[in-house]
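If you want the building blocks of each chain, they are given just below.
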Amino acid sequence: MSSDSAITAETAQRPRLRIPAHIGMIMDGNGRWAKARGKLRTEGHIEGVKALRNLVELCINYGVANLTVFSFSSENWTRPRDEIAFIFNLLRRFVASDLQKLIRNNVKVRIIGSRTGLEPSLTRLIDDVEAKTATNTGLTLIVAFNYGGKAEITDATRLIAREVAAGRLNPDDITEATVERALYTHGIPDPDLIIRTSGEQRISNFLLWQAAYSEFVFVDEYWPDFDEASFLRVLETFSLRDRRYGGIEAKTP
Ligand code: IPE
Ligand code: IPE
Ligand code: MG
């Protein structure tokens, strides 16, 4: 085989990269990354923030319109208090150190999750970062913080029930669009692709409603090790998927 045909064969096997309009990322494995290196779990969380910064840049460079990252789940409250406090402080520090850069890079930030149980200073910070980036038109970075899919659907149900009780909504008029408008993610398209690092293959209460037709890719590397090569491997896998949405003809991802 000539080297030319070898190149052709290799290129032919490589799918044309399809760029998802919305990626959901379950950033898992910070603790195990640290443990494997004889470090504290908190050091894993610090490295995790670096991987997050890197992923935001990758999404900007590859033209992903929406990125949702799972940074603290409603079930993570069961962790030791010190670790929770550390993760909360990391969010504060991330906002303090990266806000100007996010603004410069035209990133619009949305923070989704329950505000119940959060300190008022943290709620103010969330409102502030959303307000300061609200008119940006580039990547939408959605941070799922104190987020749980079941809690989100429960909150949406409560909102809709209030509308009904107030006589503003007839129960017969409730459609999927009514529910979507009541979710934290209103206005954001559903994720095309959900990635989870660290080898775990479960959803852990992330975007339950929105993941109805997402493609899932699970990778073995711990979150702090997820780099551009990992990102490209996942996009290649995604590009090979047939999305049928219950039909029989594949639709492009
Ligand atoms: C993900 O890493 C970060 C959060 C859940 C906040 P973990 O902290 O879950 O790390 P592992 O899964 O214990 O390794
Ligand atoms: C999911 O990871 C939540 C985040 C990445 C923030 P967990 O580490 O909390 O999930 P489980 O407990 O392994 O399912
Ligand atoms: Mg974990």
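See above for the structure.
The following paragraphs examine the structure supplied in this document. (Residues numbered from 1 in each chain as written. Chains lettered and ligands numbered in written order. Predicted model: local features only at pLDDT ≥ 70, side-chain atom pairs only at ≥ 80, totals over all residues. Heavy atoms only, no water.)

**Remarks on the environment of I46**
Tracing the chain through its elements places I46 in helix α3 (residues 41-62). It is 21 Å that separates the C-alpha atoms of I46 and I112, two residues lying 66 residues apart in sequence. In this view, I46 contacts F86 and L90; residues no more than four positions away in its chain are not counted. (Helix = DSSP H or I, 4+ residues; strand = E, 2+ residues; numbered from the N terminus. Contact = heavy atoms within 4.5 Å.)

**As for the site of ligand 2**
Taken together, I26, M27, D28, F70, S71, F72, N76, R79, R196, R202 and S204 are the residues near ligand 2. N76 places a polar side-chain atom, nitrogen or oxygen, 2.9 Å from an oxygen atom of ligand 2. Between ligand 2 and the protein, one listed contact pairs an oxygen atom with a side-chain N or O atom of R202 at 2.8 Å. Contact with the protein chains covers 77% of the free accessible surface of ligand 2, which is 390 Å². Here the element with the most residues in the shell around ligand 2 is strand β2 (residues 66-73); it accounts for three residues. (Near = heavy atom within 4 Å. Polar contact = N/O pair within 3.5 Å; in protein donor to acceptor, adjacent residues only side chain to side chain. Areas by Shrake-Rupley, 256 points an atom, 1.4 Å probe, with all protein chains shown as cover.)

**Re the packing of helix α4 (residues 81-104) against helix α5 (residues 120-133)**
At their nearest, the axes of α4 and α5 sit 11 Å apart, and the two run at 20 degrees to each other. Judged on the interaxial angle alone, α5 and α4 are roughly parallel. Every pair of crossing elements has a handedness; the one defined by α4 and α5 is left-handed. Taking contact as the criterion, the partners of F88, L91, R92, V95, L99 and I103 in α4 are, on α5, S121, L122, L125, V129, K132 and T133. A breakdown of the residues in the contact of α4 with α5 according to their chemical character gives eight nonpolar, two polar and two charged. (Axes fitted to C-alpha atoms, helices over the stretch in contact; angles between N-to-C directions. Parallel < 35°, antiparallel > 145°, perpendicular 65-115°, else oblique. Left-handed = near helix turned anticlockwise from the far one by under 90°. Nonpolar A, V, L, I, M, F, W, Y, C, P; charged D, E, K, R; others polar.)

What is shown is where atoms sit, not what they do.
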